[in-house]
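What follows is each chain in one-letter form.
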Amino acid sequence: MKFSRKVLGIPYAVFLLLFVVAPLLVLFYYAFTNGDGQFTISNLTGFFTDPNALGTLCYSFALSFVTTLLCLFLAYPTAYFLATSKIKAKSVVIMIFVMPMWINFSLRITALKEILDAIEGNLSAYPFLNSVLGMTYDFLPFMILPIYNVIVKLPVSLTEAARDLGATPWRAFVHVTLPMSVPGIVSGVSMVFLPAMTNYVVLDMLYNSTYIMGSLIGSYFSNDNWNGGSMIALILLLIICLFTLFSNTLEADDSSVRGGALL
Amino acid sequence: MGNSENIIELKHITKSFEDGFAAVNDFNLEIKRGEFVTFLGPSGCGKTTTLRMIAGFETPSSGEILLNGEDISHLPPHIRPINTVFQRYALFPHMNIYENIAFGLKQKKTPKAEIKKQVKKVLELVDLEGFEHRNVSTLSGGQQQRVAIARALVNKPEILLLDEPLGALDLKMRKEMQLELKNMHRELGITFIYVTHDQEEALTMSDKIVVMSAGEIQQIGTPEDIYNEPKNTFVADFIGESNIFNGIMTGSMKARFAGGEFITVDDVKEGTQITAVIRPEDVQIVSPSEGQIKGIVSDVIFKGMHYEITVESGRYEMVIQSTKSATVGDQVGMKVEPDGIHIMIAEDHTNYFNVDMNRDHRLEYNGTILDTSLTKIIKGSKRNEDKQLVDANGEIIDPDKIRIIAAIEPGDIKMTDDAEEVLYRASSPA
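The helix and strand inventory of chain B stands at nine helices and 26 strands. Within chain B, counting contacts between residues at least 6 apart in sequence, those at least 24 apart form 62% of the total. Accessible surface computed for chain B: about 22200 Å², of which carbon and sulfur atoms make up 48%.

Below you can see the structure in the form of structure tokens.
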């Protein structure tokens, strides 16, 4: 066989088949079969008729929504300041925000737990608040970085042009900087919103009884109900696909500003 | 208050940045209402910084910018009745053409119907009728440029600033836009301040050219003045092509340079050291006996409109533009009419050097210790018992924190054949 560049793609193709395509097929298989391997859609109908499961879905949405919003409110001003200021120690400040990502996750959450415990006395009294705080702490860097990446690449001349045309600093921000940083916001939101729906490890570690989609899937699997768990995982996958499609159409309007997309 | 004919006056404008770089130094300029003024100079000469101070993006370190007699140097850009066409257009990519142009009027809370009318009018002016709903990214460079001009002009600014607006266009497009900008300027009567490093563009378009170098104005004048009567060698060299020779006046209206004797129209005192500037198109190639100087043709390049011929004459080299070709290796004579020679009194040849203070608190240049009294240079300083230099408060002066510039007059340099023996005499520090 003649060597061509296509040959270089073989290892990756094998990897894709083994670790992406095959597991997806297995997921589909389990989702649409019962315990005896027979085709069924009862897993699907079961999910949408189970008030518990639907309740968990709604609760997860609410939790993710609040977490994402809080992350956005904390991250945008931070990213904006980092990207536009002329301070000399900029790399140090960025490091301070990125560093927690390098520290072991369970150590960070345990530390947070001790702090919350000391403040609240009884952790189980504020499950929703604690969940939001834990997730925000965990996911904040994923919101800051994509927004920072977009703002730092915005040409200064655009804000200058807005100011030159009579816009106050605030209006220049609202009409130029903010709309142009949408791709960063979209990618930050998708980095936070989706994991926040499933990352039940954070909640478990905070001795939290809160039940989210991740916990639900986990509970099915620990009861050896692979079929039900797979169906829920598939439903989440669909939600993620829809979300990504939506955010891609948002970004497509703005082909000139790239670099925010981490996904 | 200033002359009411002047729309804008810059008085003693100086700009140094935080890192100590002095971008503009003592800039003085008056611009009349309706003039087309060009700031011309190589990159880094301070022309863009000056423009940014007029627009309001930079604040002068000192000096005043008077707009209609009022100091605006500290007003934020959105209050100034001045608009800018940016180097890379800076159109808003998330808005269409209409929204881009309407942006300025919206800030002024102009009624919608009026905005619509104005945008339509200005799009006609720049020949882009019907482009309202196009996206910025679908336009060519030239079209984007027109939108940028329209976006600035729609606000009816008192002054339009243009920061190298044609730099990104190809040659043909650039020539077209030069003419169109010139026509727009004539029709609208708005004052244009134009920044470029392209001398041809400056000569074509301007009423007045400000030639800048290293943060300072070298010459202000009409294109004809700047081209025909350059004030110094920098201007002569930067504007057009020039043959520049050092020489001396040998009599009334007679000068000697480039190995020949020339009649001049400039009357300078006999014996004065001069610099002579001769434009390549002012030199005629004649037979060797007819010319004031002669030489050997060393190079001929075809340039389309003319030939560029280089002739070597002893130590000198003359570049000539001629419609007739010449043969490399031929001996030719060169003739220059008196009005083709521009005489400038030679510039002050004082040499300036950065010198360092070494660890022993002595001045050092290129490894040579200069015999100078540092206590006289640094006010209030004296030497302590260890011969270290201390300031008025008795604290030791850190050599790295001191910058000394030595000025050496040509007459003070003694020539010796032993390099080790060269004596430096540092005079008053700058």
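The next thing to look at is the sheet that holds strand 4 (residues 62–67) of chain B. All names here are of chain B. Spatially, 2-1-4-5 is the arrangement adopted by the four strands of the open sheet, whose pairing is antiparallel. Across the chains shown, the open sheet's two edge strands, defined by having one partner strand only, are strand 2 (22–32) and strand 5 (70–71). Two elements, strand 1 (residues 6–16) and strand 4, share five bridges in a ladder whose sense is antiparallel. Among the inter-strand pairings, L10 is bridged to a residue of strand 4, identified as I65. Packing of helix 1 (residues 47–55) onto the sheet brings it into contact with strand 1, strand 2 and strand 4, and relative to strand 1 it is tilted by some 120°.

Before going further, it helps to spend a moment on the environment of I54 of chain B. Residue and element names in this part refer to chain B. Assignment of secondary structure puts I54 in helix 1. Residue class for I54 comes out buried when judged on its relative accessible area of 0%. Expressed as a C-alpha distance, the spacing of I54 and L161, which sit 107 residues apart in the sequence, is 8.5 Å.

Next up on the list: the nonpolar core. F47, M135, M143, I147 and M213 of chain A are the most contacted members of the largest nonpolar core, which has 42 residues in total. Put simply, the parts of the chain that give this core at least two residues each are helix 1 (10–31), helix 3 (51–84), helix 4 (90–98), helix 6 (127–153), helix 9 (182–198), helix 11 (213–222) and helix 12 (226–252) of chain A. Setting aside anything within four residues of it in sequence, one finds F47 of chain A in contact with A53, L54, L57, M213, L216, I232 and I235 of chain A. By size, the runner-up hydrophobic cluster in this structure holds 41 residues, among which are M53, I65, F92 and F103 of chain B.

Per the stated rule, a full pass over the model turns up 16 salt bridges over all chains. Notably, a salt bridge pairs R108 of chain A with D138 of chain A, separated by 3.1 Å at the nearest N-O pair. In this pair, R108 of chain A is assigned in helix 5 (residues 105–120) and D138 of chain A in helix 6, connecting sequence segments 30 residues apart. A relative accessible area of 9% means that R108 of chain A is categorised as buried. Residue D138 of chain A is classed as buried on the basis of its relative accessible area, which comes to 7%. Salt-bridge contacts for E308 of chain B lead to K303 of chain B; the nearest nitrogen and oxygen are separated by 3.8 Å. Salt bridges linked by common partners bring E160 of chain A together with K15, R52 and E58 of chain B together as one network.

Right, let's get into the sheet that holds strand 9 (residues 208–213) of chain B. Residues and elements named next belong to chain B. Within the open sheet, the six strands sit side by side as 6-7-8-3-9-10. Their pairing is mixed. With one partner strand each, in any of the chains shown, strand 6 (82–85) and strand 10 (216–221) form the two edges of the open sheet. Across this sheet, the average inter-strand angle for adjacent strands is 20°, counted without regard to direction. Taken together, the four bridges between strand 3 (residues 36–40) and strand 9 define a ladder with parallel strand orientation. Bridge pairing in strand 9 links L40 to V211.

To continue, consider the pairing of strand 20 (residues 341–345) of chain B. All names here are of chain B. Taking burial as the measure, the five residues of strand 20 include four buried ones, the bulk of the element. Relative to strand 20, strand 14 (residues 273–278) is paired through five bridges, and the arrangement is antiparallel. Within strand 20, the position partnered with I274 by the bridge is I345.

The next subject is the environment of E229 of chain B. Residue and element names in this part refer to chain B. With respect to the element layout, E229 can be found in the loop between helix 7 (223–228) and helix 8 (233–238). Given a relative accessible area of 42%, E229 falls into the partly exposed group. When residues no more than four places from it in sequence are discounted, the contact partners of E229 are Q219, E224, D266 and H342.

To continue, consider unusual backbone geometry. Residues and elements named next belong to chain B. Even without being glycine, D26 reaches a positive phi, approximately 45°. Relative to the assigned elements, D26 resides in strand 2. For D26, a relative accessible area of 42% puts it in the partly exposed group. Of note in this structure, A90 is not a glycine but carries a positive phi near 50°. Here A90 lies in the loop between strand 6 and helix 2 (97–107). By relative accessible area, A90 is classed as buried at 5%.

Once that is clear, we can look at the interface of chain B and chain A. Interfaces are often sized by the accessible area lost when the parts come together. Contacts between chain B and chain A engage 22 residues on the former and 19 residues on the latter. Between chain B and chain A, roughly 1800 Å² of surface is buried when both sides are summed, and carbon and sulfur atoms account for 60% of that area. On the chain B side of the contact with chain A, H78, H94 and Q107 of chain B bury the most area, a combined 32% of that side's loss. Put simply, chain B and chain A have one salt bridge between them. Here E160 of chain A ties to R52 of chain B by a salt bridge, and the two come within 2.7 Å at their closest N and O atoms.

Residue and element names in this part refer to chain B. For helix 4 (residues 141–153), with 13 residues, the first-to-last C-alpha span of 18 Å sits near the 18 Å given by 1.5 Å per residue. With 11 of its 13 residues buried, helix 4 lies for the most part within the structure. For helix 4, the full list of buried residues reads G142, Q144, Q145, R146, V147, A148, I149, A150, R151, A152 and L153.

This next bit is on the packing of aromatic side chains. Enumeration according to the criterion identifies 22 aromatic pairs over all chains in this entry. An angle of 20° between the planes, with centres 5.8 Å apart, marks the rings of F245 of chain B and F257 of chain B as stacked. Pair noted here: F245 of chain B is in strand 11 (residues 243–251) and F257 of chain B is in strand 12 (residues 254–257), with a separation of 12 residues, a long-range link. For F245 of chain B, a relative accessible area of 6% gives the class buried. Overall, F257 of chain B belongs to the buried group, its relative accessible area being 2%. Ring-pair connections join several aromatic residues into one group, and the members of that group are Y76, Y80, W170 and F173 of chain A. Against the face of F92 of chain B rests R151 of chain B, its NZ or CZ located 4.8 Å from the ring centre.

Here is what the cut-offs are and how they apply
- Residues numbered from 1 in each chain as written.
- Chains lettered and ligands numbered in written order.
- Predicted model: local features only at pLDDT ≥ 70, side-chain atom pairs only at ≥ 80, totals over all residues.
- Heavy atoms only, no water.
- Helix = DSSP H or I, 4+ residues; strand = E, 2+ residues; numbered from the N terminus.
- Contact = heavy atoms within 4.5 Å.
- Areas by Shrake-Rupley, 256 points an atom, 1.4 Å probe, with all protein chains shown as cover.
- Pairing = 2+ DSSP bridges.
- Axes fitted to C-alpha atoms, helices over the stretch in contact; angles between N-to-C directions.
- Buried < 20%, exposed > 50% of the residue type's maximum accessible area, 1.4 Å probe, protein only.
- Core = buried A, V, L, I, M, F, W, Y, C linked by side-chain atoms within 4.5 Å.
- Salt bridge = Lys/Arg side-chain N within 4 Å of Asp/Glu carboxyl O.
- Buried area = accessible area lost by both parts, 1.4 Å probe.
- Expected span 1.5 Å × (residues − 1).
- Phe/Tyr/Trp six-rings, centres within 6.5 Å; stacked < 30°, edge-to-face > 60°.
- Lys NZ or Arg CZ within 6 Å of the ring centre and 35° of its normal.

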